[in-house]
Structures are given as structure tokens and as C-alpha cells.
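Geometric and topological summary
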Amino acid sequence: MSSIKSDSFKIGGRAYSSRLIVGTGKYRSFEEMKAAHRASGAEMVTVAVRRVPLDRREESFLDHLDPKLTILPNTAGCYTAEEAIRTARLAREALQTDLIKLEVIGDQVTLFPDNEQTIEAARVLVKEGFTVLPYFTDDLIAAKKLLDAGCAAVMPLAAPIGSGLGVQNPANLRIMREQLPDATIIVDAGVGTASDAAIAMELGADAILMNTAIAEAEDAEKMAKAMSLAVEAGRLAYQAGRMPKRLYASASSPLTGNIR
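Each chain has its residues counted from 1, running along the sequence as written. Since the coordinates come from a predicted model, pLDDT governs what is reported: local features require at least 70, and pairs of side-chain atoms require 80 or more to be given and counted, while whole-chain, interface and lining totals use all residues. Each side-chain value is worked out from all heavy atoms of the structure, with water and hydrogens disregarded.

1. Digging into empty space enclosed by the protein
Heads up, the rule is: For cavity detection a 1 Å grid was placed over the protein atoms alone, and a set of points counts as a cavity when a 1.4 Å probe fits there but cannot get out; an open set counts as a pocket when protein lies on both sides within 12 Å along at least five of seven lines, with lining residues being those that have an atom within 4 Å of a point. Grid points are joined across faces, edges and corners, and a volume is the space filled by probe spheres set on the points. Following the grouping adopted for this structure description, the nonpolar residues are Ala, Val, Leu, Ile, Met, Phe, Trp, Tyr, Cys and Pro, the charged ones are Asp, Glu, Lys and Arg, and the polar ones are all others, Gly among them.
The full count for this structure, using the stated rule, is one cavity of 30 Å³ or more. Taken as a whole, the largest cavity encloses approximately 50 Å³ of empty space. As for the largest cavity, its lining consists of Leu-173, Arg-177, Ile-185, Val-187, Ala-200, Leu-203, Gly-204 and Ala-205. Residue classes in the lining of the largest cavity are distributed as six nonpolar, one polar and one charged.

Listed below in C-alpha cells is the structure:
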């Protein structure tokens, strides 16, 4: 097992020591966003391609991002594979990166992803040289198909986007970790507070991507710091290996040598 300080994960050939990926939406001001990003310790930030001002003539959130942050464009708002592919190509041209968080939504109410369309888009984008990180429902078979397509990581949801419900199907994430020991698994969507983040990491996630939980907190900066600590704690707990759960008590102190 790696030492605590050197523990990192890789995406697209680059190593990241922070296992928390943050977003740019829903913040009340650019200053709040910058403060939260600093407090999070994140090294990667996701941005919706549809929000990117292509001509860069007017001030936007891009002007307030730390230049040290890796930008991960996403295809949020796309409902077909064709639309997502077109958006990814646009992102590569506008932001000069092959990284893409692939989102193909299948339902407007729940914002659940369309796994079939996501897999179709992933196959095309991988062939075009993109480093694809697909958002999908927490389905093991879909994860295997996405990895077989050449995706650099898989991003199963914890709960619906922006719901803050936390991990709703812990067994699915645990099974995915056990069945895909070499895959990079990044939990995406649904985390609401620090304990949710810790649980996801304890289940074996390599990282967590979140936006709403931080941006909509009463104090975004403090929540960003809390999330950073929770991700670190959850990772350490996973590496440490928790004690087995028992139905009955088990004495902490040895019984030998007791005074009778």
C-alpha cells in the first residue's frame, strides 16, 4: 500500500494527489467560487461546455479559475450520443484539452443518464483520441462496457444530480470496486455533506466529483474544506480495512488475568 503522502490516482497519464474534483456552477459569486476551490485543495475542476464563452470577450467563470487547476469539460445538457460527441469536439477546440466528462441524459426530471447512448458516444470519442470519463448509473455491466470501450475512468452516480441524498446503493459501488479492482472509479452526483463523501470513499472510490453540495452550502468555503477532509478520511479508512461487523458485543479488553 502506498504511503499517505504519495497516495495518488491517475487520469490521462497525469497523477493527482487530491481525490476531490469540484465544479463551477451555482456559486453566488466568483469570489465565493475561488475561496471554495482553494479550501477544497482540488486539482481538477469540471466546467459545462455550454457555459463556456467561446469568444472570451466578456468576463466569465473561466477568468476566475486558478491556472493550476486541470479543466475537465463536461457535456451536461446533452440528450443524445450525437449531441454529446459534437459538444466534446467543441470543448477540445475551445479549451485545448482531450479530457471530457461524458454526460448523456435520458430523463429530464431525474437527470438520470442514458447508459446506452453514453456507451455509444464513448466508443466514438475514445477512437478520436479523447480521454473519456463517463457519467452513468451505478450499473456494473455498463461500467464493464465503458471500460472495454477504452474509457480512462468510470463515474457512477451516488444519487440524482443535485439531490444531496448521498450514496443510495452502497452495495452497487462495493460490487463495482470488487469486480473492477484495476479501474479508476469516480463517484459523481448526489453527495450532500461530508459524511456522504466519506462513505463513498470507504466503499473504495478513487475520487469524488461534486458541485452542488459545496456551492449551495450556507458557507461554501467551509463545506469545501469539510469535503476535502472527508475524502481523505474515507480513503484512509478504506486503505486501513475496517473491522468486521458483529451482531453481538466483543470485549475490547482481554479476559485473561481477571481478578476472580
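2. Some thoughts on the layout of surface pockets
Quick note on the threshold: In this description a helix means any DSSP run of H or I spanning at least four residues, a strand means any run of E spanning at least two, and both kinds are numbered starting from the N terminus.
There is about 510 Å³ of room inside the largest pocket. Around the largest pocket sit 25 residues that line it, and Lys-101, Glu-103, Ile-161, Asn-211 and Thr-212 are the ones nearest its centre. Secondary-structure elements contributing two or more residues to the lining of the largest pocket are strand 4 (44–48) and strand 10 (207–210). At three residues, the largest contribution of residues to the lining of the largest pocket is made by strand 4. Counted by class, the lining of the largest pocket contains ten nonpolar, ten polar and five charged residues. Within this model, the second largest pocket holds a volume of roughly 430 Å³.

3. Side note on helix 4 (residues 140–148)
What counts is decided by this rule: We call a residue buried when its accessible area falls under 20% of the maximum for its residue type, exposed when it is over 50%, and partly exposed in between, using a 1.4 Å probe and counting protein chains only. The directions from the helix axis to the C-beta atoms are what the arc is built from. Residues count as neighbours in contact if any of their non-hydrogen atoms are within 4.5 Å of one another. Throughout this description, a polar contact denotes any pair of N or O atoms lying within 3.5 Å of each other; where both atoms belong to protein, one of them has to be capable of donating a hydrogen while the other can accept it, and for residues adjacent in sequence the pair is counted only when both atoms sit in side chains.
Of the positions making up helix 4, those classed as buried are Leu-140, Ala-142, Ala-143 and Leu-146. The buried side chains of helix 4 occupy one side of the element, clustering within an arc of 160 degrees when seen end-on. The elements touched by buried residues of helix 4 are helix 3 (115–127), strand 7 (131–136) and helix 5 (170–179). The backbone nitrogen of Ile-141 has a side-chain oxygen 3.1 Å away, supplied by the residue at the start of helix 4, namely Asp-139.

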